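# Structural overview
These are the residues of each chain, in order.
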Amino acid sequence: MNINQLETLLTISRTMSFRKAGELLNLTQPAVSAQVKSLEDEFKTVLIDRNQPVTLTDRGQVFLEHAEKILAIVEDLKQKLSDLSQTPQGHIVLGTTSSIAIQILPRVLSYFQNQFPMIKTTIHSMPSSGVMTSVENGTVDIGITYLSERNPHLESAILYYDTYELVVAPEHPMAHLKHTTVESLKDIPMIMLSPDTLGRRFLDQIFRKFNLQPNIVMELSSSEEVKRMVEINLGAAVVSKLSIDNEVRLGTLNRIKVNEFNMSHPVGLVYKSGRYINSAMKQFLSDLKGMPEDQFISSE
C-alpha cells in the first residue's frame, strides 16, 4: 500500500468515476483501476462496486475512513516540515459570525494577504454559539466571536469591545427616539436572534431581570438576516452596535440607545489549547493580537 493508492481511492469516492478520478490525478483509467485492484488484493476484499455510478462497498467505506486519517497525518507532516522555512505559509480555516465576517474580516484579511501571500484562508460563517464548539472539535483553526463563555480547552485573546443597540426602520413609530428604556419594548413587535446565539442569551437575561415578556414575531439565525427584516419594518431588533454602522450611514436603519443594554461585550479570537500551531496560524494570531482596537471598530 502507498499514499498514491489512498489518494486514488479518495478521489474515486468523491467523483464516483474511474475516468474522472484519472483526469484529476493525471492518470490513465487503467492505472486507476490497477491501483484499486492492488489495494483490494493486498487486503483481500472488494472496496469498490464498479456498477455505474461507482460507489464504495461497506468495507470500502470503512477503509476510506482510515485512509482519510492517514492522508491527514501525511498533510500534517508536510505542513510541519514546510514550517521549517522562513516564510509563513499554509492554510487557516476561520470560523465566525456573518456580522463579524462582514464587519472586520475584509480589512484584516486584505492586510494579511498583502503581507503574507503564501497563506490561504477559508472562512466558515456560523451562529455565535457554534464558533467555540467548531474550534474545540477541530472543524476550524481559529474562531472570532464574543467571549462571554469560558472554555478550559481553548485559548482566547480580546480584540475589541462591542455593545448592543435597538434598531428600527425610519418608518417605525419609535424612529424619532434617541434613547429609550427596556420597559418600552414589552409591547412592540420584536425580531430576535435564535435562542442558541450569544446575543439572544444576553437579551433573554435582560428581559428576565425586568420580568418582561417580549412580543417576538420572528427569530433568525444571524444579525444580517435580522437587519434585513428590520429594514422593511417588520419589527424592531437589538443587534451589535458595530454591525449597523453602514445601515445607519445609508439611512436604512435608525439606532436607539437602551440604557439597560449599555454593557461592553468582548470580541476576540479563540484557538484550541495544546494544538500544533503552524507558521500560518502563528503569524495570524500574532498579527491580530498586535492590532490596535480601532483597526477592528473603525467604520471606514
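This text goes with the structure placed above it.
Residues numbered from 1 in each chain as written. Predicted model: local features only at pLDDT ≥ 70, side-chain atom pairs only at ≥ 80, totals over all residues. Heavy atoms only, no water.

## Thoughts on the packing of aromatic side chains
- Under the criterion given, the structure shown has six aromatic pairs.
- Each ring, one from phenylalanine 43 and one from phenylalanine 63, has its centre 5.0 Å from the other, and the planes form 80 degrees; the classification is edge-to-face. Of the two residues, phenylalanine 43 is situated in helix H3 (residues 29–43) and phenylalanine 63 in helix H4 (residues 58–82); the sequence distance between them amounts to 20 residues.
- On the basis of relative accessibility, which here comes to 39%, the residue phenylalanine 43 falls in the partly exposed class.
- Members of the aromatic cluster, connected to one another through ring pairs, are Tyr146, Tyr164, Phe202 and Phe261. (Phe/Tyr/Trp six-rings, centres within 6.5 Å; stacked < 30°, edge-to-face > 60°. Helix = DSSP H or I, 4+ residues; strand = E, 2+ residues; numbered from the N terminus. Buried < 20%, exposed > 50% of the residue type's maximum accessible area, 1.4 Å probe, protein only.)

## Side note on empty space enclosed by the protein
- Scanning the model with the defined rule gives one cavity of 30 Å³ or more in all.
- A volume near 200 Å³ is recorded for the largest cavity.
- In terms of residues, the lining of the largest cavity owes the most to one element, helix H5 (residues 98–103), which gives four residues.
- For the lining of the largest cavity, the per-class residue count stands at seven nonpolar, 12 polar and one charged. (1 Å grid on protein atoms, 1.4 Å probe; cavity = no way out; pocket = protein on both sides within 12 Å on 5 of 7 lines; lining within 4 Å. Points joined across faces, edges and corners; volume = space filled by probe spheres on them. Nonpolar A, V, L, I, M, F, W, Y, C, P; charged D, E, K, R; others polar.)

## Thoughts on the pattern of salt bridges
- In total, this model carries 15 salt bridges according to the counting rule given.
- The closest approach of N and O atoms between aspartate 41 and lysine 37, which form a salt bridge, is 2.9 Å. Pair noted here: aspartate 41 and lysine 37 are both in helix H3, with a separation of four residues, about one helical turn.
- Relative accessible area serves as the criterion here: at 44%, lysine 37 is assigned to the partly exposed category. (Salt bridge = Lys/Arg side-chain N within 4 Å of Asp/Glu carboxyl O.)

## Description of the nonpolar core
- With 49 residues, the main nonpolar core has Ile92, Ile144, Leu166, Phe261 and Leu269 as its most contacted residues.
- Filtering out sequence-adjacent residues up to four positions away, phenylalanine 261 remains in contact with Tyr164, Val182, Leu185, Phe202, Leu203, Ile206 and Val238. (Core = buried A, V, L, I, M, F, W, Y, C linked by side-chain atoms within 4.5 Å. Contact = heavy atoms within 4.5 Å.)

## Here's the deal with the sheet that holds strand S11 (residues 237–240)
- The mixed open sheet is built from four strands, whose spatial order is S8-S12-S7-S11. Each edge of the sheet is formed by a strand with only one pairing partner; in this case those strands are strand S8 (179–180) and S11.
- Running over the sheet, helix H9 (residues 223–231) touches strand S7 (164–168) and S11 and is turned about 135 degrees from S11. (Pairing = 2+ DSSP bridges. Axes fitted to C-alpha atoms, helices over the stretch in contact; angles between N-to-C directions.)

## A word on the pairing of S7
- The element S7 is largely enclosed, with a buried count of five among its five residues.
- Every second residue of S7 is oriented toward a common face, with Tyr164, Leu166 and Val168 on one face and Glu165 and Val167 on the other, all of them buried.
- Note that S7 and S11 share four bridges and pair antiparallel. Looking across to S11, one finds that leucine 166 is bridged to valine 238.
- Strand direction decides the pairing type here: S7 and strand S12 (residues 254–258), joined by three bridges, are antiparallel. Its bridge partner lying in S12, valine 167 is registered against arginine 255.

## Side note on helix H2 (residues 18–25)
- Those residues of H2 lying buried are Phe18, Ala21 and Gly22. Buried residues of H2, seen end-on, are gathered within an arc of 100 degrees and therefore sit on one face of the element. Exposed residues lying more than 90 degrees from the buried face of H2 are Glu23 and Leu24.
- Here the buried face of H2 lies against helix H1 (3–15), H3 and strand S1 (48–49). (Arc of directions from axis to C-beta.)

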